[in-house]
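Descriptive analysis of the structure
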Amino acid sequence: MRYQTVIGLEVHLQLSTKTKAFCSCAIDFGRPPNSGVCPVCLGLPGTLPVYNKEALNSAIKVALAFSCQIQEHTKFDRKNYFYPDLPKNYQISQFDLPLSRNGHLEIISEGELKRIGITRIHLEEDAGKLIHGSNSSLVDFNRTGVPLLEIVSEPDIFSPQEAFDYLTTLKNIIEYLDVSDCDMEKGSLRCDANISLRPEGSKELGVKTELKNMNSFKGVKDALTFEVIRQTELLESGQAISQETRLWDAGKGVTVAMRSKEGAKDYRYFPDPDLTVFVIEQEAVKRIKSGLPELPKEKMRRFIKEYGLSEYDAKILVNSRRDAEFAEECLRMYPGKDKKPVVNWLIGPLLSEANNRKLSLCGLKVDKQELINLVGFVEKQEISNLSAKLVLTQMIDTRKPAEEIIKENNMLQISDSTKLEAIILEVIRDNEKSVNSFKEGKTNALMFLVGQVMKRSAGKANPKVVGDLLKRRLTGA
Amino acid sequence: MGLNQFTAHELMGKLKSREILPRDILEDLFARLKEVEPRVKAYARFKPEGIPSPEQSLGLPITIKDNICTEGLKTECCSKILVNFRPPYDATVVAKLKAAGVSIFPFKANMDEFAFGSSTENSCFGTTRNPWDLEYVPGGSSGGSAAAVAGDEAVWALGSDTGGSIRQPASFCGVVGLKPTYGLVSRFGLVAFASSLDQIGPITKDVEDAAILTGIISGYDPNDSTSVNQQVPDYTGSLGKGAKGLKIGIPKEYFIEGLDAEVKDVIDEALNKLKFLGAVSKEVSLPHTQYAVPVYYIIATAEASSNLARFDGVQYGYRASSDELIEMYKKTRAEGFGEEAKRRIILGTFALSHGYYDAYYLRALKVRTLIKNDFDAVFRDFDCIITPTSPTPAFRIGEKTQDPLKMYLSDIYTISVNLAGIPAISIPCGFTKKGLPVGLQIMAKPFDEETIFRVAHAFEQNTEWHKIKPKL
């Protein structure tokens, strides 16, 4: 039997607000343990939470970007469970009136456009961190109370690759909104996955497992891929899938069943009496909506339309909001009508420099005008492509203007045919064998001769001009 | 006459005219404590050798209930589980008192553990006695505050009221106690019992003191999302205006079986007095009254079960030793909480559990709205509602400890007020033949404490009940 994979993802996103969700502690993860805390986030007796408007606004931004309906009335609920990283032994979360529902996210997966439903997005508070020693455990409450956004998808994802693409697209949008670091390694973005299999064509959902402990998007994909195989093998051998939580072991590349808890969890949700039901003003939502930045999908479309970019190029450029803004400024500054040369430089040499240095495009801090100047030198064939790449490297290392580097290194190309003719004649005279091969129709020989001219000009000859001149002389054309 | 016997407003006058110094008051209070506290036990951790030098006193002292946070001063809610807890911050009311020049009395008032009780018999520090008869309970849960004020061991005090915990002990001890409108006084720093019902309020020797103290502690607090942002009136301005023309509703549901005959007679007498003073009264109905006790015990215990979850031995307070986390939780809570606390945590946990939530908690919330609607309807035509504060005078120590339901019914007249969020006061209005005080409860619509003070003051100024002191 063939099975269809059904995946739903739960993403937790730490919002990078100035202060925590329900107290005025500044959020700063660089501090020593338990120094970024106050009586409120420590849950000391008598303290009360007051919700952070900035966190609420960030949450609304995300909800709007995912086309969710913002609820008019929303409230906070208590999720009750005992754990040492949770100082009140309940988490302030949202249960039956989340601030938004019914959104969606469009992704492109394996060349196809797909719409993944978003069930709900709600706001809650993060817990602290446990640090386990050999015979004791310590708690760091610095993270306690940091606003978390929970984004729950519909079970609309049908492959591990789709899950990966969903996460990449989601992260991309969140970065555009500038509301979170989205760093999975640092834990500011966390993802749990629910996965089940069902016979192809079946409408009913199979028994699911919940996967936890993945700390990269690749980890999510790998864990899901492992789980597809594991569940398929079980089903094919006639065994049942047990509904359980499994932990991804990235080192071993397997999922392992978590020690099952006695009975079903009962969080005893009830409305937090310390935080009254509140109204989200439609005016405020409108204001937030009108202040939303252009999102990657729209930006990509506009780049294609305004600058004549290919979809492939545009997609690369909108991968990050800051890079896209950097790229767009470069495109605007470039005087030529055809922007292709700039695009080629951005996603060619510049991007590989960035990758080599593990920086973003704009992280290279290349002066935009200088980059445009460099592209200009190449386009006017005043320097070779190869030289230009060296210039770029030096520009990044030394921050010197392109022209200065070109002059210092004597890199200007010789395109003047009278200067080149002399070298060409010399090369023809000294390489009789290759000249004859060319005349016999071996075109490769021409490349060799061009190479010789380049060598004698110390690389400064314009190879295109050299080729043309050589051809003309040898064929008498 | 010792300074400890005066009211706060009288002492304020003496301080202002430099007739006395704050330390003089403190000296007299300490002398009184040495004399009667071993018998009354109004304070949680009182030891004669623990009395500090009165020199440091900067203002008129106030006694604070042990569930209101005082920076650096032990706040244990009279529970073993909060042993040695010294809050690193002041409750908003405490900060307001300090800002107003009032100084915090170094001993804190005894109470039922976490305010769970109606008799102050559920304290890990032992039972507080009623100053009118030491064999009787002072009421609860603010029994320590009420007994201290009644026994002149305090000038005035703060209590907290979730279902009657200020008014019922005020009634039992013959003093004045106000439960302000929900949202008038910040709850920040009050160790929560039931967050949607709790309010801090004054326990005083007369109505004027209650008006002054309410004025000091009231007002919007950005640290409490449930505190209401509105101007606090000058409550002393409503004193002396008389009762003439005031329309009083007498709810028939409060005058039924279970109301002690002597209490009823005293209340009837008080109502006659108010009529004599020019008020008009009429029987009214609060039809959902009979549901108040069950609704209260679902909502209050549900919230309490969650509020008390934080007492787990991890960060502060009592911790039982164990090598294993769950075991540590279990032992800590089993050993740290008293019987009544455990009973309420279990009740509340049950009410919130999956499959029971709709039938209990959600339904209770709906009935709570009906109870509130009852009051709204009456207050459309009446200025206030008057009832007995409690169906009985103080009962004997140990009389109801074996029967929690009987104990819960002691709050039958006070609970509805918390569910509706309205203000109510208890003032002394007479005595039983045995000499136990009886309290008169005056309720008004939300944020209309002014009417309450006006009626209460009019009654008080035309009676002598508040001037009679217990013989200790």
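In this text, all values refer to a predicted model and were calculated from it rather than measured experimentally.

1. Things to note about the overall build of chain A
Scanning chain A from terminus to terminus reveals 15 helices and 16 strands. For a compact globule of 477 residues, the expected C-alpha radius of gyration is about 23 Å, and chain A comes in at 30 Å, more than 25% above that figure. Counting across all 477 residues of chain A, residues that qualify as buried make up 39%. The contacts of chain A with a sequence gap of at least 6 include a subset with a gap of at least 24, amounting to 68%.

2. Considerations on the overall build of chain B
In terms of regular secondary structure, chain B is built from 14 helices and 10 strands. In terms of overall size, chain B behaves like a compact globule, its C-alpha atoms giving a radius of gyration of 21 Å where 472 residues would be expected to give roughly 23 Å. Overall, the C-alpha framework of chain B stretches about 70 × 60 × 45 Å when taken along its three principal axes. Looking at the 472 residues of chain B, the share that counts as buried comes to 60%.

3. Some details on the environment of B:Ala31
Following the sequence through the fold, B:Ala31 ends up in helix 2 (residues 22–40). C-alpha separation for the pair B:Ala31 and B:Ile51, spaced 20 residues apart in sequence, amounts to 10.0 Å.

4. Focus: helix 6 (residues 207–217) of chain B
Residue and element names in this part refer to chain B. Judged by how many residues are buried, helix 6 sits mostly within the fold: 10 of 11 residues are covered. Among all positions of helix 6, only Val207, Glu208, Asp209, Ala210, Ala211, Ile212, Leu213, Thr214, Gly215 and Ile217 are buried. Within two residues after helix 6, Gly219 carries a phi angle of roughly 120 degrees, on the positive side.

5. Some thoughts on the domain arrangement of chain B
One frequently used descriptor of interface size is the decrease in accessible area upon assembly of the parts. Residues and elements named next belong to chain B. In terms of domains, chain B is made up of domain 1 (3–288 + 386–467) and domain 2 (290–367). Once you take the C-alpha centre of each, domain 1 and domain 2 turn out to be 26 Å apart. Tallying the contact residues gives 29 residues for domain 1 and 25 residues for domain 2. Class assignment for the residues of the side of domain 1 that touches domain 2 results in 17 nonpolar, 9 polar and 3 charged.

6. Looking at the domain arrangement of chain A
Per the domain assignment, the segments making up chain A are domain 1 (3–287), domain 2 (296–408) and domain 3 (417–475). Averaged C-alpha coordinates put domain 1 of chain A and domain 3 of chain A at centres separated by 65 Å.

7. Notes on the sheet that holds strand 9 (residues 424–431) of chain B
Working definition: the strands of a sheet are paired by backbone hydrogen bonds and lie parallel or antiparallel to each other. Residue and element names in this part refer to chain B. A sheet is described by the order of its strands in space; here 10 strands give the open sequence 2-1-3-5-4-9-10-8-6-7, paired in mixed fashion. At either margin of the open sheet sits one strand with a lone partner, and together these are strand 2 (102–109) and strand 7 (280–284). With direction set aside, neighbouring strand axes in the sheet form an average angle of 30 degrees. The strands touched by helix 2 are strand 1 (60–65) and strand 2; relative to strand 1, the strand with the most contacts, the crossing angle is about 50 degrees. Its contacts with the sheet put helix 6 on strand 4 (176–179), strand 5 (199–204) and strand 9, and the angle it makes with strand 5 is roughly 150 degrees.

8. Describing the interface of chain A and chain B
If you look at the interface, chain A gives 23 residues, while chain B gives 34 residues. Taken together, the residues that form the side of chain A that touches chain B break down as 13 nonpolar, 5 polar and 5 charged.

9. A short note on the confidence of the model for chain B
Mean pLDDT over chain B stands at 96; residues scoring 70 or higher make up 100%. This prediction of the complex comes with two scores: 0.90 for pTM and 0.95 for ipTM.

10. Points about the sheet that holds strand 7 (residues 112–125) of chain A
All names here are of chain A. Reading across from one edge, 2-6-7-10-1-11-12-13-14 is the order of the 9 strands in this open sheet, with mixed pairing throughout. Both edges of this open sheet fall to strand 2 (69–70) and strand 14 (254–257), since each of them pairs with a single strand only. Here strand 1 (residues 3–14) runs beside strand 11 (residues 189–199); their pairing, made up of 11 bridges, is antiparallel. From the neighbouring strand, Thr5 faces strand 11, where its bridge partner is Leu197. Along the sheet face, helix 3 (residues 217–236) touches strand 1, strand 11, strand 12 (209–214), strand 13 (244–249) and strand 14 and points at about 25 degrees away from the line of strand 11.

11. Quick word on the packing of helix 1 (residues 53–65) of chain A against helix 2 (residues 160–177) of chain A
All names here are of chain A. Packing of helix 1 against helix 2 brings their axes to within 10 Å, and their N-to-C directions diverge by 130 degrees. What the angle tells us is that helix 1 and helix 2 run oblique. Crossing of helix 1 over helix 2 shows right-handed handedness. Counted together, Lys61, Val62 and Ala65 of helix 1 and Ile173, Ile174 and Leu177 of helix 2 form the full contact between these two elements. For the contact of helix 1 with helix 2, a count of residues per class yields 5 nonpolar, no polar and 1 charged.

12. Structural notes on the nonpolar core
Residues and elements named next belong to chain B. With 147 residues, the main nonpolar core has Ile62, Cys384 and Ile442 as its most contacted residues. Looking at this core, the element that brings in the most residues is helix 8 (residues 292–307), giving 9 residues. With residues near it in sequence (within four places) discarded, Cys384 still touches Leu246, Ile248, Ile442, Met443, Ala444, Thr451, Ile452 and Val455.

Basis of the calculations
- Residues numbered from 1 in each chain as written.
- Chains lettered and ligands numbered in written order.
- Predicted model: local features only at pLDDT ≥ 70, side-chain atom pairs only at ≥ 80, totals over all residues.
- Helix = DSSP H or I, 4+ residues; strand = E, 2+ residues; numbered from the N terminus.
- Rg over C-alpha atoms; globule rule 2.2 N^0.38 Å.
- Buried ≥ 20, exposed ≤ 12 C-beta atoms within 10 Å, placed from the backbone.
- Contact = placed C-beta atoms within 7 Å.
- Domains from an automatic or database assignment.
- Nonpolar A, V, L, I, M, F, W, Y, C, P; charged D, E, K, R; others polar.
- Pairing = 2+ DSSP bridges.
- Axes fitted to C-alpha atoms, helices over the stretch in contact; angles between N-to-C directions.
- pLDDT = per-residue confidence, 0-100.
- Parallel < 35°, antiparallel > 145°, perpendicular 65-115°, else oblique.
- Left-handed = near helix turned anticlockwise from the far one by under 90°.
- Core = buried A, V, L, I, M, F, W, Y, C linked by C-beta atoms within 7 Å.

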